Amino acid sequence: MSPDRLVGLPLARGGVDRAALRRLDDAWLDAAWADPASRVVLVHDGRVLARTDNGRVELHLLPPADVPTGGERLLLGVRDDGIAVFAWHTREALAGDGDGVKPMTLRELGLHVDDLAAGLAVHAIGLANWHAAHTHCSRCGTPTEVSAAGHLRRCPRDGSEHFPRTDPAVIMLVTDPAGDRALLGRHVDWPPTSYSTLAGFVEPGESLERAVAREVFEESAVQVDLDSVTYLGSQPWPFPSSLMLGFFAQSNDIDAARPDGQEMADVIVVTRDELARRVTDGQIATPPSFSISRRLIERWFGAELSSVRAWT
């Protein structure tokens, strides 16, 4: 299966050179920070400052001289026009200005901004989340210092280096061998109508294919055919630090599906017609349209979201 349906997935987009070779160039970083043409994304607690103007949403980018005091400077990259873009991880909560500027989450931004803004927001929030959770050395407990333009923390006591972590997670749509019926689940913390694909984290020493099979079995008691596991695409998911890897898989015993009762409150097996009817009747609410789970469902369903009006 080709990944064509994942092209344009909001949180998988980008539009900036991450300029990794500049992260250790302190002279260049200081010069870019002093340049009034450079731009800064303010980020705090999973939110970035954004502006809404006549229904259009965009990042609210500031010159470095206008950022608040107290925070961490993180290099996001260099735009095609040569302008450097930073994130400023503030210590204080973001506040709006009453003129359309307010803090927004990725869920609020994802569908409304262009590739450049989406990539900057995901990068900024992902880095900031990691910095907020890893302020001390895991070896000796000493407070660490930001280095490499925000892409590393260094312990001043033992010299150890700590890099941002990304946790791989598999997310999969399981069907019968004919592809006529699909398995969906409802997490125990979700509303009664919310159903999605199954998902879970990859364990140490585990392949992606076996992670798919293990998670599906643990959550639904369904045995996946390992040879049927097919990769579709990926999407960063910085809540707080995941990379979602999307797969399709098949099972000969999909009718044995039952919820584990710990993570899954319910699992269902539906045909395309059944899914469309239940969505239309309000019995099922599908995942957000910016999510990879929604795209997996759409790929199997055979239609884009816009052609199934009842889906929300």
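Residues numbered from 1 in each chain as written. Predicted model: local features only at pLDDT ≥ 70, side-chain atom pairs only at ≥ 80, totals over all residues. Heavy atoms only, no water.

Asks: Describe in detail the sheet that holds strand E9 (residues 152-154), supporting the description with residues and values.
Replies: Within a sheet, neighbouring strands are paired by backbone hydrogen bonds and run either parallel or antiparallel to one another. With respect to topology, three strands assemble into an open sheet ordered E8-E9-E10, the strand pairing being antiparallel. Each edge of the sheet is formed by a strand with only one pairing partner; in this case those strands are strand E8 (145-147) and strand E10 (161-162). As paired elements, E8 and E9 share three bridges and run antiparallel to each other. Across the sheet, residue Glu145 finds its bridge partner in E9, namely Arg154. Strand contacts of helix H3 (residues 115-133): E8, E9 and E10, with the helix running at about 20° to E9, the strand carrying the most contacts. (Pairing = 2+ DSSP bridges. Helix = DSSP H or I, 4+ residues; strand = E, 2+ residues; numbered from the N terminus. Contact = heavy atoms within 4.5 Å. Axes fitted to C-alpha atoms, helices over the stretch in contact; angles between N-to-C directions.)

Asks: Give a detailed account of the pattern of salt bridges, specifying residues and quantitative values.
Replies: Applying the stated criterion across every chain, the model contains 15 salt bridges. Of the charged contacts in the structure, one is a salt bridge between Glu206 and Arg214, with a shortest N-O distance of 2.6 Å. Given a relative accessible area of 16%, Arg214 falls into the buried group. Residues participating in the shared-partner salt-bridge network are Glu203, Glu206, Arg214, Glu215 and Glu218. (Salt bridge = Lys/Arg side-chain N within 4 Å of Asp/Glu carboxyl O. Buried < 20%, exposed > 50% of the residue type's maximum accessible area, 1.4 Å probe, protein only.)

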